[in-house]
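Fold and contact review
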2 protein chains.
Amino acid sequence: MTELESKVDKEIRKKAGNVLRETFLKLVEMVNNNEPPIMEIPKRTLSNTVYDEKRGLLILGKEKLKRNFLDLNEAKRFMQTTLMASIIYDALVNDEYPTIRDLYYRGKHSIILKDPNGRAYEENTWDEQKESDSVIVDIEVFTSLLREDMLILSKEKGKVVGDMRIRSGNDVIDLSKMGHGAYSIEPTPDLIDFMDINAEFVLVVEKDAVFQQLHRAGFWKQYKAILVTSAGQPDRATRRFVRRLNEELKLPVYILTDADPYGWYIYSVFKIGSISLSYESERLATPNARFLGVSMTDIFGDKGKKPYLSDQERRNYIIKAKDADVKRAMEIKNYEWFKTKGWQHEISVFLDKKSKLEIEAMASKGLRFLAFQYIPEKIKNSDFIN
Amino acid sequence: MTELESKVDKEIRKKAGNVLRETFLKLVEMVNNNEPPIMEIPKRTLSNTVYDEKRGLLILGKEKLKRNFLDLNEAKRFMQTTLMASIIYDALVNDEYPTIRDLYYRGKHSIILKDPNGRAYEENTWDEQKESDSVIVDIEVFTSLLREDMLILSKEKGKVVGDMRIRSGNDVIDLSKMGHGAYSIEPTPDLIDFMDINAEFVLVVEKDAVFQQLHRAGFWKQYKAILVTSAGQPDRATRRFVRRLNEELKLPVYILTDADPYGWYIYSVFKIGSISLSYESERLATPNARFLGVSMTDIFGDKGKKPYLSDQERRNYIIKAKDADVKRAMEIKNYEWFKTKGWQHEISVFLDKKSKLEIEAMASKGLRFLAFQYIPEKIKNSDFIN
């Protein structure tokens, strides 16, 4: 398999393998020193999840848990962790590319145990994938390696087109030469090398179909945009890719979703990450991503701003918010990172009007309107929410 | 927008616009001749859906329905059809790329009607998207243009890598130079021009994550494969793309899914299409697609065939079938196109063992096993189901 593999993969294998080896060899050292082997792992609890206002990121606090092999309550989880670490290590040195699903299978078996009276019984390493997944996260937090750094692959929905050249694997890819199709982002976007770029901003479109429309209409050529779609809720690779475009290439990032709490949530995942997975947000989140729309003031107008919809269009396009939408909006209103003037206003209008709008309703006014008026005008006027 | 659009799009616009115009102008002719305007549209009922054994396709039979504008029961549907046709026509001549969702919005409005007594009331063109979608299908069947021929776009999940060059839009794309990423297939695969190819077969992998693994391991380079994923249930474009690879380039197509009735269903969609959408299967289905696995005999072995799993692996990997799986299997067993010796045997073993297996379980035996033993060995031995 080796000669078929890219050079960057070979390098990262070595690096990740070394980190894993060094981290877990410390446990062996403890045993050799007649100490109980203990892992100290940052706690992934809500109480240890902190919103770092300055950086605009959710991060893990300083609390750590001690996982002691000699503690009966901890022994199984300790063994699960070392089992998974050894499986990942083997995969790294054997030129494998596991997925979290096959890591679950790789480790799944029964161990025959004997109790002090010599009675044998069976114990499963794990039964459900959520157990093995949780152990993988422990290893990520423990080693500061994300799963992608260990060449654990996953399905990948994100796509991109735009005037830039990247190096991925052994190839140079021109993202402006994808025809009517697009470049499907790799599961390990940290291994991408940004070569040269001729663009002024990044537009992330939630919906794949709208991405197809804007791409086909030549939007990114006209406005020097890097056009990305997350095809629904963004996966890790799409988030990391967008973050790198923002951080390394200093491109402003605009997010375009439906006008509803689910759209805001997608924006929030790009911007901050999810509360329960704050350990990853430090590398995956794009704190200064901007919500371009569709916003409530696009629908209803505002002081000094004309709405983009006529009375009749509002009548035809608006969808009544459901109770679940209202509930979700109330929750979002209380998130620290939504406590800006712009967002509080947006959410208030929503709670007042109880109205949603799909981006396709804007597209139905004409793709020319969406691509060559609505989006560029809003960017030009800084008509976004932060 | 025009200069940003590809040349092929301009051509197909003209062609589709002409077909639409000619088809619907006949209705005007009828009116001019003092005849009631009537559309004759092939019936899309189950009773008019025929399995053409020779071609291995589900096709529409010869029954037609007459949609008469002067029939009160038909008038609304007649008007919906002409409304949608005019919207699609406008989109074509105005360089638009609508989606079915925005076509729904484009046509959605209320019409003020007056009854014979002069009382005014309102009637909506349509309320739900399923109404406008159904009208779009009517237009497809009526004009023999698929939606893609009318440049109606949609989201697109299919990806491909392999040693071939294609022309899409104004670009030439080398599908062997995608790095760790992949080429995301366009929503209108009939506009792709196959330029040159160096491959011996097509492997379609149901699961995107497994596609990523095989791609990264260099499977397609080693075995001269075109590697495709449908990322779950295949969409229209992926199906059409695979069909074209098979029909025009004469490449055998192998489908790799989980070993369960849902995997068989995905295979069935590639091979035959869905019963309720038989009108499209004539162009989207790949009748001689082969089910490579995972098959029941891979799990349990067969006369003269050793299983790929040991006793212990079976114990760890097999998932017990649910009642819904068994029910689905019984249904599939009765489909005409599953009445081959191979399939009847496969389904019998499943109903006997009531066992499922995920492709990831095979991957967990080592990616090297999956990519460089299991798949190529099965292809070499013609160990597939047809």
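For clarity, every value in this text was computed on a predicted model and none was experimentally measured.

1. Observations regarding empty space enclosed by the protein
All names here are of chain B. Applying the stated criterion across every chain yields a total of three cavities of 30 Å³ or more. The calculated volume of the largest cavity comes to roughly 50 Å³. Together, Leu146, Glu148, Pro187, Pro189, Asp190, Arg236, Ala237, Arg240, Arg283 and Leu284 line the largest cavity. Of all the secondary structure elements, the ones that give two or more residues to the lining of the largest cavity are helix H7 (236–249) and helix H9 (278–284). At three residues, H7 tops the list of elements feeding residues into the lining of the largest cavity. Broken down by class, the residue content of the lining of the largest cavity amounts to five nonpolar, no polar and five charged.

2. Points about the sheet that holds strand S8 (residues 164–168) of chain B
Residue and element names in this part refer to chain B. The strand order S9-S8-S11 describes an open sheet built from three strands, whose pairing is antiparallel. Strands with a single pairing partner mark the edges of an open sheet, and in this sheet they are strand S9 (171–174) and strand S11 (193–197). Strand-to-strand twist of the sheet, defined as the mean angle between neighbouring strand axes without regard to direction, takes the value 20 degrees. Where H7 meets the sheet, its contacts fall on S8 and S11, and the angle it forms with S11 comes to roughly 60 degrees.

3. Here we look at the UniProt feature "domain: Spo11/DNA topoisomerase VI subunit A N-terminal" (unreviewed entry) in chain A
Residues annotated in UniProt with the feature "domain: Spo11/DNA topoisomerase VI subunit A N-terminal" (unreviewed entry) correspond here to residues 76–152 of chain A. Structurally, residues 76–152 of chain A is divided into 53% helix and 13% strand, and its ends, taken at the C-alpha atoms, are 24 Å apart.

4. Some points on the environment of Arg239(A)
Residues and elements named next belong to chain A. In this structure, arginine 239 sits in helix H7 (residues 236–249). Of the residues examined, arginine 239 reaches a relative accessible area of 4% and is grouped as buried. Residues arginine 239 and glycine 158, 81 residues apart in the sequence, show an inter-C-alpha distance of 8.8 Å. With residues up to four places along the chain from it excluded, the contact list for arginine 239 reads Pro234, Val269, Phe270, Gly273, Ser274, Glu280, Leu284 and Thr286.

5. Comments concerning the packing of helix H8 (residues 261–271) of chain B against helix H13 (residues 341–353) of chain B
Residues and elements named next belong to chain B. The interhelical angle for the contact between H8 and H13, taken along N-to-C directions, is 160 degrees, at an axis separation of 12 Å. Judged on the interaxial angle alone, H13 and H8 are roughly antiparallel. For the crossing formed where H8 meets H13, the hand is left-handed. Contacts between H8 and H13 pair Pro261, Trp264 and Tyr267 from the former with Trp343, Glu346, Ile347 and Phe350 from the latter.

6. Brief notes about the nonpolar core
Core analysis: the biggest nonpolar cluster contains 226 residues, and Leu203(A), Leu214(A), Leu203(B) and Leu214(B) have the highest contact counts within it. Not counting residues within four places of it along the chain, the set of residues in contact with Leu214(B) comprises Leu203(B), Val205(B), Phe219(B), Leu227(B), Leu367(B), Leu370(B), Ala371(B) and Ile375(B).

7. Looking at the UniProt feature "domain: Type II DNA topoisomerase VI subunit A all-beta" (unreviewed entry) in chain A
According to UniProt, the feature "domain: Type II DNA topoisomerase VI subunit A all-beta" (unreviewed entry) maps to residues 156–196 of chain A in the numbering used here. Summarising residues 156–196 of chain A: 0% helix, 46% strand, and an end-to-end C-alpha distance of 24 Å.

8. Remarks on the pairing of strand S2 (residues 49–52) of chain A
All names here are of chain A. Inspection of the sheet shows S2 paired to strand S3 (residues 57–60) by four bridges, in the antiparallel sense. Considered in S3, the bridge of threonine 49 is made with leucine 60. Between S2 and S3, which pair antiparallel and follow one another directly, the connecting turn spans four residues, one of which, glycine 56, has a positive phi of 70 degrees.

9. Comments concerning the packing of aromatic side chains
How two aromatic rings sit relative to each other is set out by the distance from centre to centre and by the angle between their planes. Under the counting rule described, the total for this entry stands at 48 aromatic pairs over all chains. An angle of 80 degrees between the planes, with centres 5.4 Å apart, marks the rings of Trp264(B) and Phe350(B) as edge-to-face. In this pair, Trp264(B) is assigned in helix H8 and Phe350(B) in helix H13, connecting sequence segments 86 residues apart. Grouped by ring-pair contacts, the aromatic residues Tyr51(A), Trp264(A), Tyr267(A), Phe291(A), Tyr335(A), Trp337(A), Phe338(A), Trp343(A) and Phe350(A) constitute a single cluster.

10. Concerning the relation of the copies chain A and chain B
Of the transformation superimposing chain A on chain B, the axial component is 0.0 Å and the angular component is 180 degrees, with the fit at an RMSD of 0.0 Å. Given the turn and translation reported, the copies of this chain are related as if by a two-fold rotation axis. When the interface residues of chain A are mapped onto chain B, 100% of them again fall at the interface, so both copies present the same face.

11. Section: the side chain of Arg236(A)
Tracing the chain through its elements places Arg236(A) in helix H7. With sequence-adjacent residues up to four places away left out, Arg236(A) is seen in contact with Glu140(A), Leu146(A), Arg147(A), Glu148(A), Tyr279(A), Glu280(A) and Leu284(A).

12. Considerations on the interface of chain A and chain B
Counting from both sides, the interface comprises 64 residues of chain A and, opposite them, 64 residues of chain B. Summed over both sides, the interface of chain A with chain B buries roughly 5,300 Å², with 52% coming from carbon and sulfur. Three residues, Leu4(A), Tyr105(A) and Arg216(A), lead the burial of chain A against chain B; their summed loss comes to 15% of the area buried on that side. Here chain A and chain B share six salt bridges between them. Joining chain A to chain B, the criterion identifies 40 residue pairs in polar contact (both at pLDDT 80 or more). The element best represented in the side of chain A that touches chain B is helix H5 (residues 208–216) of chain A, accounting for five residues. Class assignment of the residues belonging to the side of chain A that touches chain B gives a composition of 23 nonpolar, 22 polar and 19 charged. In this structure, strand S10 (residues 182–184) of chain A lies alongside strand S10 (residues 182–184) of chain B, joined through three bridges in antiparallel fashion. Looking across to S10(B), one finds that Tyr183(A) is bridged to Tyr183(B).

13. Quick look at the domain arrangement of chain A
Residues and elements named next belong to chain A. What the domain assignment lists for chain A is domain 1 (5–148) and domain 2 (157–379). The gap between the C-alpha centroids of domain 1 and domain 2 is 35 Å. Residue-level contacts link 23 residues of domain 1 with 22 residues of domain 2. Between arginine 236 and glutamate 140 there is a salt bridge; the shortest N-O distance is 3.3 Å. On inspection of domain 1 and its partner domain 2, the count reaches seven residue pairs in polar contact (both at pLDDT 80 or more). Those elements that place two or more of their residues in the side of domain 1 that touches domain 2 are helix H1 (7–32), S2, S3 and helix H4 (129–143). Considering only residue class, the side of domain 1 that touches domain 2 consists of 11 nonpolar, four polar and eight charged.

Rules behind the numbers
Residues numbered from 1 in each chain as written. Chains lettered and ligands numbered in written order. Predicted model: local features only at pLDDT ≥ 70, side-chain atom pairs only at ≥ 80, totals over all residues. Heavy atoms only, no water. 1 Å grid on protein atoms, 1.4 Å probe; cavity = no way out; pocket = protein on both sides within 12 Å on 5 of 7 lines; lining within 4 Å. Points joined across faces, edges and corners; volume = space filled by probe spheres on them. Helix = DSSP H or I, 4+ residues; strand = E, 2+ residues; numbered from the N terminus. Nonpolar A, V, L, I, M, F, W, Y, C, P; charged D, E, K, R; others polar. Pairing = 2+ DSSP bridges. Axes fitted to C-alpha atoms, helices over the stretch in contact; angles between N-to-C directions. Contact = heavy atoms within 4.5 Å. UniProt positions renumbered as here; feature names shortened; annotations may be inferred. Buried < 20%, exposed > 50% of the residue type's maximum accessible area, 1.4 Å probe, protein only. Parallel < 35°, antiparallel > 145°, perpendicular 65-115°, else oblique. Left-handed = near helix turned anticlockwise from the far one by under 90°. Core = buried A, V, L, I, M, F, W, Y, C linked by side-chain atoms within 4.5 Å. Phe/Tyr/Trp six-rings, centres within 6.5 Å; stacked < 30°, edge-to-face > 60°. Least-squares fit on C-alpha atoms with pLDDT ≥ 70 in both. Buried area = accessible area lost by both parts, 1.4 Å probe. Salt bridge = Lys/Arg side-chain N within 4 Å of Asp/Glu carboxyl O. Polar contact = N/O pair within 3.5 Å; in protein donor to acceptor, adjacent residues only side chain to side chain. Domains from an automatic or database assignment.

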